[in-house]
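Geometric and topological summary
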Amino acid sequence: MLGIVIVSHSEKLAHEVIELCREVKQYDFPLLNGSGTDGGHLGSDPMRIKEAIQQAYTDDGVLIFADIGSSILNSEMAIEFLEMPYDKTKVKIADAAIVEGAIVTMAINDEKATMGSLLNELAEFKSVSKLI
């Protein structure tokens, strides 16, 4: 199973996403908040994200869900800052909506899940309409 890190400009928003995810989470894997900045200001901090990645790291890797702009850029920077024993190639940013993507991942991140299988499932999920 992969570790999951949620990165938002708002630490509070990420906390609420994590709380929602815990309601549907079926398996035991790390789920961490890598959001916000020192002082509680809006924004994201690559060092804070790096620490969350390190805490969430599993042998299968870490999948990051980020909201917008600098959260994605700072997540990329955090990955670059990783040093051994963390394998940067096992840390990816999901191309998915932060809430919907994280919730879907809670249901499918099991013992058989791989980075590739989760990313493929999330790619397919992008074409699912919310409207009937």
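Placed above this text is the structure.
Being a predicted model, the structure only gives us computed values, none of them experimental.

**Topic: the overall build of the chain**
On a plain count of helices and strands, the chain comes out with five helices and four strands. When the helices and strands of the chain are listed from N to C terminus, the series reads β-α-β-α-β-α-β-α-α. For the chain, the C-alpha radius of gyration of 14 Å lies close to 14 Å, the compact-globule estimate for 132 residues. With 132 residues in all, the chain has 43% of them scored as buried. Taking all contacts inside the chain whose residues are at least 6 apart in sequence as the whole, residues at least 24 apart take part in 76%. For the chain, the exposed surface amounts to about 7200 Å²; the carbon and sulfur share of it is 55%. Averaging the locations of the 11 positively and 21 negatively charged side chains of the chain gives two centres separated by 1 Å.

**With respect to the layout of surface pockets**
By volume, the largest pocket is sized at about 180 Å³. Residues that form the lining of the largest pocket fall into these classes: five nonpolar, two polar and four charged.

**Describing the packing of aromatic side chains**
Counted according to the given criterion, the structure contains one aromatic pair. Taking the centre distance of 5.2 Å and the plane angle of 85° together, the rings of Tyr57 and Tyr86 count as edge-to-face. Placement of Tyr57 in the loop between helix H2 (46-56) and strand S3 (62-66) and of Tyr86 in the loop between helix H3 (69-81) and strand S4 (91-93) is noted, with a sequence separation of 29 residues between them. On the basis of relative accessibility, which here comes to 22%, the residue Tyr86 falls in the partly exposed class. One residue, Lys25, lies across the ring of Phe29, its end atom 4.6 Å from the ring centre.

**Here's the deal with the pairing of strand S1 (residues 3-7)**
The element S1 is largely enclosed, with a buried count of five among its five residues. As paired strands, S1 and S3 are joined by five bridges and run parallel to one another. By the bridge assignment for S3, Ile4 is matched with Leu63. Summarising the sheet, S1 and strand S2 (residues 31-33) pair through three bridges and their orientation is parallel. Paired with Val5 across the strands is Leu32, a residue of S2.

**A closer look at the nonpolar core**
Note that soluble globular proteins tend to have their nonpolar side chains buried in a common cluster. Grouped together as the largest cluster of nonpolar side chains are 21 residues, with contacts concentrated most on Ile4, Ile6, Leu31, Leu63, Phe65 and Leu122. Elements that contribute at least two residues to this core include exactly S1, helix H1 (11-24), S3, helix H4 (98-108) and helix H5 (115-125). Residue contacts for Leu63: discarding those within four places in its chain leaves Leu2, Gly3, Ile4, Val5, Lys92, Ile93, Ala94, Thr105, Met115, Leu118, Leu119 and Leu122. Counting residues in hydrophobic clusters, the runner-up holds 14 residues, among them Ala52, Ile53, Ala56 and Ala66.

**Thoughts on unusual backbone geometry**
The omega torsion across Met84 and Pro85 is 15°, close enough to zero to call that bond cis. Within the secondary structure, Pro85 sits in the loop between H3 and S4.

Cut-offs and rules
Counting of residues starts from 1 at the beginning of each chain's written sequence and follows it residue by residue. Whole-chain, interface and lining totals are the exception, using all residues; otherwise, since this is a predicted model, local features are given only for residues with pLDDT of at least 70 and side-chain atom pairs are given and counted only at 80 or more. Hydrogen atoms and water are omitted, and side-chain values are computed over all heavy atoms in the structure. Segments assigned H or I by DSSP are reported as helices when at least four residues long, segments assigned E as strands when at least two residues long, and all are numbered from the N terminus. Atoms counted for the radius of gyration: C-alpha only. Globule rule: 2.2 Å times the number of residues to the power 0.38. Buried residues are those whose accessible area, probed at 1.4 Å on protein chains only, stays under 20% of the maximum for their type, while exposed residues exceed 50% and partly exposed ones sit between those limits. Contacts are residue-level and defined by heavy atoms, with any inter-residue pair within 4.5 Å sufficient. Residue burial considers only the protein chains on display, and all accessible areas are found by Shrake-Rupley using a 1.4 Å probe. Charge counting follows a simple rule: Lys and Arg are positive, Asp and Glu are negative, and His as well as the terminal groups are ignored. Just so you know, the charge point we use is NZ for Lys, CZ for Arg, CG for Asp and CD for Glu. Using a 1 Å grid laid over the protein atoms alone, points where a 1.4 Å probe fits but cannot get out form a cavity; open sets with protein on both sides within 12 Å along at least 5 of 7 lines form a pocket; any residue with an atom within 4 Å of a point counts as lining. Grid points are joined across faces, edges and corners, and a volume is the space filled by probe spheres set on the points. Throughout, the ten residues Ala, Val, Leu, Ile, Met, Phe, Trp, Tyr, Cys and Pro are labelled nonpolar, Asp, Glu, Lys and Arg are labelled charged, and all others, Gly among them, are labelled polar. Paired rings are identified among Phe, Tyr and Trp, the last through its six-membered ring, by centres lying within 6.5 Å, and are further divided according to the angle between planes into stacked (under 30 degrees), edge-to-face (over 60) and tilted (the rest). The criterion for a charge sitting over a ring is simple: Lys NZ or Arg CZ within 6 Å of the ring centre, and within 35 degrees of the ring normal. At least two bridges found by DSSP between two strands are what make those strands a pair. Throughout this description, the term nonpolar core refers to a set of buried Ala, Val, Leu, Ile, Met, Phe, Trp, Tyr and Cys residues connected via side-chain atoms within 4.5 Å.

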